[in-house]
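Summary of the model geometry
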Amino acid sequence: MSFKINIIKDKLLSENWFVLRNYTYEITDRRGEVIRHKREVYDRGNGATILLYNREKNSVVLTRQFRIATYVNGNDDGMLIEACAGLLDDDSPEDCIRKEAIEETGYAVGEVEKLYACYMSPGGVTELIHFFAAVYNESLRDNAGGGVEDESIDVLELSFPDALAMVAEGRIRDGKTIMLLQHAQIAGWLTP
């Protein structure tokens with residue numbers, strides 16, 4: 001059953017790095033009652049992420065970079081280990097993730113497998129992330145990776161058991177990365 005939504009006010013609060021809006025809306029619930037809400041919504045665009053994995057080496061390629069949001073929320077050094085990812089901008093999800101993979105990790109992946117798309121924080125962020133996976137090997141190495149312009153990204157090649165242990169220990173705390181690692185485990189691509 002769909003709810004009836006009536007937008008009362010849409011106020012722009014900020015359009016610095018991304019767009020922050022304040023919405024006042026009414027929603028008619030299942031019982032026919034009208035409830036008024038006021039919420040802020042952060043629009044940062046949609047994105048894509050990829051797990052690069054190697055069956056022969058039983059390994060994955062992840063990245064580590066500074067994330068200010070984690071730093072201000074208790075991550076002591078602000079560094080986060082995560083799967084390669086980026087915003088779509090004007091690219092298709094597939095084109096975006098191929099470009100991000102070569103920029104961040106140095107691997108020029110061709111064929112990518114689309115896994116699914118998820119809203120990662122739907123309570124206040126519009127972003128829909130497209131999840132991919134691709135096999136990597138040394139023949140696909142194009143450069144050292146590390147990002148572009150103002151990015152400073154470390155490239156990490158980890159054994160799959162080590163990556164899973166890092167999740168269990170709380171050293172990998174990025175949602176999209178945990179989902180991709182669990183997908184690889186469930187799909188049987190790699191051995192825990």
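Residues numbered from 1 in each chain as written. Predicted model: local features only at pLDDT ≥ 70, side-chain atom pairs only at ≥ 80, totals over all residues. Heavy atoms only, no water.

**Details of helix H4 (residues 175-187)**
- An ideal rise of 1.5 Å per residue puts 18 Å on 13 residues; H4 measures up with 18 Å between its terminal C-alpha atoms.
- Buried within H4 are the following residues: Lys176, Thr177, Leu180, Leu181 and Ala184. Taken around the axis of H4, the buried residues stretch over an arc of 135°, which confines them to a single face.
- Immediately beyond the C-terminal end of H4, within one or two residues, lies glycine 188, with a positive phi of roughly 75°. (Helix = DSSP H or I, 4+ residues; strand = E, 2+ residues; numbered from the N terminus. Expected span 1.5 Å × (residues − 1). Buried < 20%, exposed > 50% of the residue type's maximum accessible area, 1.4 Å probe, protein only. Arc of directions from axis to C-beta.)

**As for the packing of aromatic side chains**
- If you walk through the whole model with that rule in mind, you get 6 aromatic pairs.
- Taken together, a centroid distance of 5.9 Å and an interplanar angle of 50° make the contact between phenylalanine 66 and tyrosine 71 tilted.
- Judged by relative accessible area, which is 43%, tyrosine 71 ranks as partly exposed.
- By way of ring pairs, the aromatic residues Trp17, Phe18 and Tyr42 are connected into one cluster.
- One residue, arginine 141, lies across the ring of tyrosine 107, its end atom 4.2 Å from the ring centre. (Phe/Tyr/Trp six-rings, centres within 6.5 Å; stacked < 30°, edge-to-face > 60°. Lys NZ or Arg CZ within 6 Å of the ring centre and 35° of its normal.)

**Things to note about the side chain of glutamate 104**
- For glutamate 104, the location among the structural elements is in helix H2 (residues 93-104).
- Reaching out from glutamate 104, the side chain makes a polar contact with the backbone nitrogen of alanine 85 at a distance of 3.4 Å. (Polar contact = N/O pair within 3.5 Å; in protein donor to acceptor, adjacent residues only side chain to side chain.)

**Observations regarding the nonpolar core**
- Counting residues in hydrophobic clusters, the biggest one holds 23 residues, and the most contacted among them are Val60, Leu62 and Leu181.
- Among the secondary structure elements, those contributing two or more residues to this core are strand E4 (47-54), strand E5 (59-66), strand E8 (113-119), strand E9 (128-135), strand E10 (154-159), helix H3 (160-168) and H4.
- The element that contributes the greatest number of residues to this core is H3, accounting for 4 residues.
- When residues no more than four places from it in sequence are discounted, the contact partners of valine 60 are Leu51, Leu52, Tyr53, Tyr136, Leu156, Glu157, Leu158, Phe160, Ala163, Leu181 and Leu190. (Core = buried A, V, L, I, M, F, W, Y, C linked by side-chain atoms within 4.5 Å. Contact = heavy atoms within 4.5 Å.)

**Observations regarding the environment of arginine 44**
- Here arginine 44 lies in the loop between strand E3 (34-43) and E4.
- Taking C-alpha positions, arginine 44 is 8.6 Å from leucine 20, a pair spaced 24 residues apart along the chain.
- When neighbours within four sequence positions are excluded, arginine 44 is seen to be in contact with Phe18, Leu87, Val125, Thr126 and Glu127.
- In terms of polar contacts, arginine 44 uses its side chain to reach the side chain of glutamate 127, at 2.7 Å.

**A look at the sheet that holds E3**
- Taken in spatial order, the 3 strands line up as E1-E2-E3 in an open sheet, and their pairing is antiparallel. Each edge of the open sheet carries a strand with a single partner, namely strand E1 (4-14) and E3. Ignoring strand direction, the axes of neighbouring strands in this sheet form an average angle of 20°.
- Here 9 bridges tie E1 to strand E2 (residues 19-28), and the two strands are oriented antiparallel to one another. (Pairing = 2+ DSSP bridges. Axes fitted to C-alpha atoms, helices over the stretch in contact; angles between N-to-C directions.)

**As for unusual backbone geometry**
- Of note, the phi angle at asparagine 58 is positive, near 55°, even though the residue is not glycine.
- The buried category is assigned to asparagine 58, whose relative accessible area is 18%.
- In this structure, aspartate 89 takes a positive phi of about 50° despite not being glycine.
- With a relative accessible area of 65%, aspartate 89 lands in the exposed category.

**A few points about the state of the cysteines**
- Scanning all chains against the criterion turns up 0 disulfides.
- In this model cysteine 84 remains outside any disulfide bridge; the closest cysteine sulfur is found in cysteine 96, 8.3 Å from its own. (Disulfide = S-S within 2.5 Å.)

**Here's the deal with the UniProt feature "domain: Nudix hydrolase" (unreviewed entry) in the chain**
- According to UniProt, the "domain: Nudix hydrolase" (unreviewed entry) feature falls on residues 43-180.
- This span, residues 43-180, is 22% helix and 33% strand, and a straight line between its end C-alpha atoms measures 24 Å. (UniProt positions renumbered as here; feature names shortened; annotations may be inferred.)

**A few points about a nonpolar patch on the surface**
- Taken together, the side chains of Phe66, Ile68, Tyr71 and Val72 present a nonpolar region at the surface, about 430 Å² in accessible area.
- Looking at the secondary structure, you find tyrosine 71 in helix H1 (residues 68-71). (Patch = residues over 30% accessible without salt bridge, like charges linked within 9 Å, V, L, I, M, F, W, Y side chains within 5 Å. Areas by Shrake-Rupley, 256 points an atom, 1.4 Å probe, with all protein chains shown as cover. Salt bridge = Lys/Arg side-chain N within 4 Å of Asp/Glu carboxyl O.)

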